[in-house]
Amino acid sequence: MEELLLAAEKSGILYVLVLLLLCFVAVHGAHLAALGWRAIRPREPTEKPKEDSPKKEEQPEKTEKSEKEAEKPQAVYYLVEKKRVKKKPKYSEPKRVEVKEE
């Protein structure tokens, strides 16, 4: 009887190890297949500018005024939220409790 239990334990351990090995191979195989699929998949062509579209008109040369304005540093504005402070509770004086001893 003990020999049967020992054989069942050994076969159970063997089945668990085989299952672990199969899962390991399946997970890594799927990962490698995904990498291979990404490698051989054709790349999507990038959009080329259309030649038929009208070209942008060239801007006139800068005047002296615009050059001076470009040299001045522009003002920087920051959005600041006021920090909300929770009001502290005000407690009254503690009440004195008398304990009667019997």
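Up top is the structure.
## A few points about the overall build of the protein
Counting secondary structure elements, the protein contains two helices and zero strands. When burial is assessed residue by residue, the protein has 0% of its 102 residues classed as buried. Here the protein displays about 13100 Å² of accessible surface, and carbon together with sulfur accounts for 59% of that area.

## Let's talk about a nonpolar patch on the surface
On the surface, a nonpolar cluster with roughly 320 Å² of combined accessible area is contributed by Ile13, Leu17 and Leu20. Examined against the element boundaries, Leu20 turns out to sit in helix 1 (residues 2-40).

## Description of helix 1
A rise of 1.5 Å per residue sets the reference length of helix 1, with its 39 residues, at 57 Å; its end C-alpha atoms lie 57 Å apart and thus fit the reference within 8%. Buried residues are scarce in helix 1, accounting for zero of its 39 residues.

Definitions and cut-offs
Residues numbered from 1 in each chain as written. Predicted model: local features only at pLDDT ≥ 70, side-chain atom pairs only at ≥ 80, totals over all residues. Heavy atoms only, no water. Helix = DSSP H or I, 4+ residues; strand = E, 2+ residues; numbered from the N terminus. Buried < 20%, exposed > 50% of the residue type's maximum accessible area, 1.4 Å probe, protein only. Areas by Shrake-Rupley, 256 points an atom, 1.4 Å probe, with all protein chains shown as cover. Patch = residues over 30% accessible without salt bridge, like charges linked within 9 Å, V, L, I, M, F, W, Y side chains within 5 Å. Salt bridge = Lys/Arg side-chain N within 4 Å of Asp/Glu carboxyl O. Expected span 1.5 Å × (residues − 1).

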